[in-house]
Amino acid sequence: MAEGAPVHIAEEGSSGPSRRRGAPGRGTTVRATRQGDAVCAALAETDAFTSAQDLHARLRAQGTAVGLTTVYRHLQVLVDRGEVDMLRRDDGETVYRRCATEAHHHHLVCRSCGRTVEIAGPEIEQWTEAVAAAEGFVDVAHTVEIYGTCASCALAAESSA
C-alpha cells in the first residue's frame, strides 16, 4: 500500500453492509468504524514510528473521540494485515508506522527525532540465509532495525554544542 493511501471503511452506523477488518488466520477482527479510519489517517501523517499512546493523544487533540483500547485494537489489526510495521524500541515501548512498501524491508531510525527510512538490505538477506543454512534452519524470518542519528539532528546537536 502506498504511503498515505486511504483505507476506506464504512462508518459506524452507515447504511452500507457491515464490514469488519480482520487478519487472515489470526481471528483478530474489529468493526469498521470512523475511529479506525482516524487511526489510519493519523498514521499516514508521519514518517516516524509512533506509539499507540502518542497516536491516541494526537487524535484526542484533533477532537476525535476514540479510546486507547480502540487505538491498540486497530493498530494490531493493521499489523496483522501487513499494512503497518511494528517494532519494540530499546526502552521496551512498541511503536507503529505505515510503510511506503509492502515488500520485505528494514528500517533506519533516528534516535532523536524518530525519522525513519526504509532500506532493502540485500546483504542482510544473503547473510541471514547463509547463517540459517549453515545451522540447518529453514523457513527463517527476521527483522532488522538500525538506529542512529539523522543528519538534521546531528547538525542541530553540533550547532548547540
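Below: a short report on this structure. (Residues numbered from 1 in each chain as written. Predicted model: local features only at pLDDT ≥ 70, side-chain atom pairs only at ≥ 80, totals over all residues. Heavy atoms only, no water.)

Concerning the overall build of the protein chain
Summing up its helical and strand segments, the protein chain has five helices and eight strands in all. Counting every position in the protein chain, which comprises 161 residues, the buried fraction comes to 37%. When contacts within the protein chain are restricted to residue pairs at least 6 apart in sequence, long-range pairs at least 24 apart make up 49% of them. A total accessible area of about 9,600 Å² is found for the protein chain, and carbon and sulfur atoms account for 52% of it. (Helix = DSSP H or I, 4+ residues; strand = E, 2+ residues; numbered from the N terminus. Buried < 20%, exposed > 50% of the residue type's maximum accessible area, 1.4 Å probe, protein only. Contact = heavy atoms within 4.5 Å. Areas by Shrake-Rupley, 256 points an atom, 1.4 Å probe, with all protein chains shown as cover.)

Points about the sheet that holds strand β3 (residues 50-51)
Taken in spatial order, the three strands line up as β3-β5-β4 in an open sheet, and their pairing is antiparallel. Single-partner strands in this sheet number two, and they are β3 and β4 (85-88). Pairing analysis gives four bridges linking β4 to strand β5 (residues 94-97), with the strands arranged antiparallel. Residue pairing across strands places Leu87 opposite Val95, the latter belonging to β5. (Pairing = 2+ DSSP bridges.)

What about helix α3 (residues 68-80)?
Here α3 is 13 residues long and its end C-alpha atoms lie 18 Å apart, about the 18 Å a rise of 1.5 Å per residue gives. Residues of α3 that are buried include every one of Thr70, Val71, His74, Leu75, Val77, Leu78, Val79 and Asp80, and no others. Once α3 ends, the next one or two residues include Gly82, with phi positive near 80°. (Expected span 1.5 Å × (residues − 1).)

Some words on the packing of helix α1 (residues 34-44) against α3
Contact geometry for α1 and α3: axes closest at 10 Å, N-to-C directions at 70°. Of the possible angle classes, the one that applies to α1 and α3 is roughly perpendicular. Relative to α3, α1 is oriented so that their crossing is right-handed. Across the interface between the two elements, Gln35, Gly36, Val39, Cys40 and Leu43 of α1 pack against Thr70, Val71, His74, Leu75 and Leu78 of α3. Taken together, the residues of the contact of α1 with α3 sort by class into six nonpolar, four polar and no charged. (Axes fitted to C-alpha atoms, helices over the stretch in contact; angles between N-to-C directions. Parallel < 35°, antiparallel > 145°, perpendicular 65-115°, else oblique. Left-handed = near helix turned anticlockwise from the far one by under 90°. Nonpolar A, V, L, I, M, F, W, Y, C, P; charged D, E, K, R; others polar.)

Overview of the environment of Val144
Counting through the fold element by element, Val144 comes out in the loop between α4 (122-134) and β8 (145-148). Sequence-wise, Val144 and Ile124 are 20 residues apart; in three dimensions their C-alpha atoms are separated by 8.4 Å. Setting aside residues up to four positions removed in sequence, Val144 forms contacts with His106, His107 and Ile124.

Quick word on the nonpolar core
Judged by nonpolar contacts, the single largest core of 15 residues is most densely connected at Val39, Leu43, Leu55, Leu59, Val71, Leu75 and Tyr96. Those elements giving two or more residues to this core turn out to be α1, α2 (52-61) and α3. For this core, the element with the highest residue contribution is α1, accounting for five residues. The contact partners of Leu75, leaving out residues within four places of it in the chain, are Val39, Leu43, Ala52, Leu55 and Tyr96. (Core = buried A, V, L, I, M, F, W, Y, C linked by side-chain atoms within 4.5 Å.)

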